Amino acid sequence: MTAKSKKKSAKKKIKVDPITLSVVRGVLETTQREMTLSLEKTARSSVFNLAHDYSTSLFNHTPEMILQGQDIPIHLGSLMPAMKAVANYFGDDVHEGDLILQNDPTFGGGHSIDTCMYKPVFWEGELVFWTVCKGHLTDIGGPVPAGYNPDAKEIYAEGLRIPPIKIWDKGEPRNDILNMILMNMRARRDQEGDFNALIGACQVGERNLLALIEKYGLAQVQACIDELLDMAEKQMRTLIKSVPDGSYEGTAVLEDAGHGFGDMDIDAKVTIKGDNCHIEINSPPQVPYFINSYEGNSYSGVYLGLMMFAQLPPPYNEGLYRCVSVDMGPHGTLCNAKEPAPHMNCTTTPMETLTDAVRIAFEQAVPSKVAASWGHANGLNIAGWDNRHDEEFVTMVLATIISGAGATPQQDGWHACGPECCFGALTSGDVELLEYSYPIIIHNYSLMTDSGGAGKYRGGSGTAWKVEPMDSDMTFIMFGEGRRIPAVGAAGAESTLIGPKVGSMDICRDGEVKTLRDNVIDVIKPGQWVMNRNPGGGGYGNPMERPVDMVVWDVKNDLVSIKGAKEDYGVVFKDEETLEVDMTATQKLRKKRAA
């Protein structure tokens, strides 16, 4: 970095006209979308080109996030501390043509399979911006394919840790470094292709930012960016100021998915004073299991809980968080882990429970504003040998974590939209393309009856995904939770029929089906199958207040069963074939439930 870049804040503020501001804002947003599109169209693995498990953002020289892509929330919150850690690590040793790689959680990252590229952007020898891309690789080395190792007792048993390192130095690729990294990963062809996609997306961002400066001048562009940061800050401060001063607390339960330490509480305390907000997290001590979250990752969970409450319009940038301070609790706890805590599952577990705790705290402050929780991730990674190409395959199956969205004060939750940590940014991809990419047969991908949380507004339905290997053994690795505790509702929503609303994994061998609820590593053969069931979203409001005709419509469309209509909504049918409602029995049952 140059001395010039550090003195910019002292320059006289330039007046910004609304037309130029709108144009610059549009260019920044288009640049981010073009980076995202570049990733989708040039990446190799299905995690990138089908599921879109990546995020992009733009930073100024400070570095402060000037544009947050509408991508994966669990990526975006941690990008802010990670970018600052990378910039601090290199200090003045940043040059035009450099490209930096990092995945380590102790440098503000999420989990180490989310690999991040940082490209400094220079104008006339002066550092002015950073373009940043983060993506979920299908493998990062280590003893277990795809990185998720439920047996890991420390971070060293999970995969390759990459502190900030230059993979391009002044425009020259460091092929020795790249080769060393890629040699430690399974399915190298996929990883190399995704690396190149990340590099290309950063270059697209650089090209567009330089063109913007060329047209409007550096001073004008920076003035517009400062205005956008201030605009986001003003919107958040106005919202916070509308909340009554005081402290509000929320608690969410993290279920034991196989570690044996029992269910755990994560607490959030939100303190509002004027237009400032302080969020304090209290979590149990870290455990020798892959669910510990390092501080950078936990910021993503906290900020998502905040934004579920805030529901602010764009611009989305770091200005939003200037009036928000966060205390993650003591070092060495579940949400502020320290080395050597294993962590690979942290972007879903405990992140989603942390988000719930923050959301519930805000619900105490303004009950009418907060939406219900989304279904938590209950997922599956697969690996094996692809005889068609005589090579290893490995992937995270993002279709297996597509759960239901939470209901809101205005409407039912969306179906097949989650999980909460991704908040609708993931896609599952076409079944046929997944079968083309890997030697598998997908027998089923569907919505699940009764999976949406009951409420005046029903939660979105979760999904079931059933797979069989074609012609060789296939390893599967389970991760996540939500297999006993359903998604948390809001405003008095409560379900009676719990079983269909939580996740599970069925495995069939020789016609015998066994249900798994703990995270395990196992192998199935051709002719055997596993089926993953993902939870639905939480409901909103008293389910006894859901209009009867809406319950009937849900039953007609297999979203709710006859049994679910009675147990969750107090709706009784005279005739189960015609779905004629017994209004007298329904009113009597609903009155009894209300009492």
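Anything mentioned here points back to the structure above.
Residues numbered from 1 in each chain as written. Predicted model: local features only at pLDDT ≥ 70, side-chain atom pairs only at ≥ 80, totals over all residues. Heavy atoms only, no water.

### Overview of the overall build of the chain
Quick note on the threshold: Helix and strand definitions here come from DSSP, where helices need a minimum of 4 consecutive H or I residues and strands a minimum of 2 consecutive E residues; each element is numbered from the N-terminal end. Based on C-alpha atoms, the radius of gyration is set beside the globule rule, defined as 2.2 Å times the residue count to the power 0.38. Burial classes: relative accessible area under 20% of the type maximum marks a residue as buried, over 50% as exposed, and values in between as partly exposed (1.4 Å probe, protein chains only). Contacts are residue-level and defined by heavy atoms, with any inter-residue pair within 4.5 Å sufficient. The Shrake-Rupley method, run with a 1.4 Å probe, gives the accessible areas here. Residue values count only the displayed protein chains as cover. The charge count includes Lys and Arg as positive and Asp and Glu as negative, but it does not include His or the ends of the chains. Taken as the charge location is NZ of Lys, CZ of Arg, CG of Asp or CD of Glu.
When helices and strands are counted, the chain shows 13 helices and 22 strands. Computed over its C-alpha atoms, the radius of gyration of the chain comes to 24 Å, within 12% of the 25 Å expected for a compact globule of 595 residues. For the C-alpha atoms alone, the extent of the chain along its principal axes is close to 80 × 60 × 45 Å. For the chain, buried positions account for 61% of its 595 residues. Intrachain contacts of the chain at a sequence separation of at least 6 include 74% that bridge at least 24 residues. Summed over its atoms, the accessible surface of the chain is roughly 22400 Å², and 51% of this surface lies on carbon and sulfur atoms. In the chain, which carries 56 positive and 78 negative side-chain charges, the distance between the mean positions of the two groups comes to 6 Å.

### Observations regarding the environment of A377
Tracing the backbone shows A377 in the loop between helix 9 (351-365) and strand 12 (378-386). Residue A377 is classed as buried on the basis of its relative accessible area of 0%. Between the alpha carbons of A377 and I562 there is a distance of 27 Å; along the sequence they are 185 residues apart.

### Digging into the nonpolar core
In plain terms, the rule: For the purposes of this section, nonpolar cores are sets of buried Ala, Val, Leu, Ile, Met, Phe, Trp, Tyr and Cys residues that join through side-chain atoms within 4.5 Å.
Core analysis: the largest hydrophobic core is formed by 135 residues, its most contacted members being L28, W130, M236 and I281. Ranked by residues supplied to this core, first place goes to helix 7 (residues 218-242) with eleven residues. What I281 contacts, discounting residues up to four positions off in sequence, is I266, D267, A268, V302, D327, M328, G329, C335, L354 and V358. The next biggest cluster of nonpolar side chains, apart from the first, holds 20 residues, and it includes F393, F476, L516 and V530.

### Looking at a negative patch on the surface
We count it as follows: Put simply, a patch holds well-exposed residues, over 30% relative accessible area, that have no salt bridge, with like charges counted together within 9 Å and Val, Leu, Ile, Met, Phe, Trp or Tyr side chains within 5 Å. Between Lys or Arg on one side and Asp or Glu on the other, a salt bridge is scored when a side-chain nitrogen of the former is within 4 Å of a carboxyl oxygen of the latter.
Together, E249, E280, E295 and D327 make up a region of like negative charge exposed at the surface. Relative to the elements of secondary structure, E280 occurs in strand 10 (residues 276-282). Note on E280: relative accessible area 36%, which makes it partly exposed.

### Points about the sheet that holds strand 16 (residues 474-480)
The test is simple: In this scheme, strands are said to pair when DSSP sees at least two bridges between them. Here, axes are lines fitted to C-alpha atoms. For helices the fit covers the stretch in contact, and angles between N-to-C directions go from 0 to 180 degrees.
Taken in spatial order, the four strands line up as 13-12-16-19 in an open sheet, and their pairing is antiparallel. What marks the edges here is a single partner per strand, and that holds for strand 13 (391-397) and strand 19 (521-524). Each neighbouring strand pair of the sheet contributes to a mean axis angle of 20°, computed without reference to strand direction.

### What to know about the sheet that holds strand 6 (residues 165-169)
Backbone-to-backbone hydrogen bonds join strands into a sheet, with any given pair of strands oriented parallel or antiparallel. Across the sheet, which stays open at both edges, the seven strands sit in the order 2-1-5-4-3-6-7 with antiparallel pairing between neighbours. The sheet is open, and its two edges are formed by strand 2 (65-68) and strand 7 (172-173), each paired on a single side. Strand direction decides the pairing type here: strand 3 (residues 99-102) and strand 6, joined by three bridges, are antiparallel. Each residue of the ladder has a partner; that of I100, found in strand 6, is K166. The strands that helix 4 (residues 73-90) touches are strand 1 (54-60), strand 2, strand 3, strand 4 (114-123), strand 5 (126-136) and strand 6; relative to strand 1, the one it contacts most, it runs at about 50°.

### Here we look at the pairing of strand 6
As defined by bridge partners, strand 6 adjoins strand 7 across two bridges and the pair is classed as antiparallel. Considered in strand 7, the bridge of D169 is made with E172.

### Some details on the packing of aromatic side chains
Formally: The criterion for an aromatic pair is that two Phe, Tyr or Trp rings (for Trp, the six-membered ring) have centres within 6.5 Å, with stacked assigned to planes under 30 degrees apart, edge-to-face to planes over 60 apart and tilted to the rest.
What the rule picks out here adds up to ten aromatic pairs. Ring geometry for Y289 against F290: centres 4.9 Å apart, planes inclined by 75°, an arrangement best described as edge-to-face. Assessed through its relative accessible area of 0%, F290 is described here as buried. By the ring-pair criterion, three or more aromatic residues cluster together here, those being Y89, F90 and F107.

### Some words on the pattern of salt bridges
On inspection of all chains with the given rule, the structure shows 31 salt bridges. Between K166 and D98 there is a salt bridge; the shortest N-O distance is 2.9 Å. Taken as a pair, K166 in strand 6 and D98 in the loop between helix 4 and strand 3 lie far apart in primary sequence, 68 residues in all. Judged by relative accessible area, which is 6%, K166 ranks as buried. A salt bridge links R533 to D506, with the nearest nitrogen and oxygen atoms 2.4 Å apart. Remark: D506 occurs in strand 17 (residues 504-509) and R533 occurs in strand 20 (residues 529-533); sequence separation between them is 27 residues. Through salt bridges with shared partners, a single ionic network connects E64, D230, E233, R237, D275 and R322.

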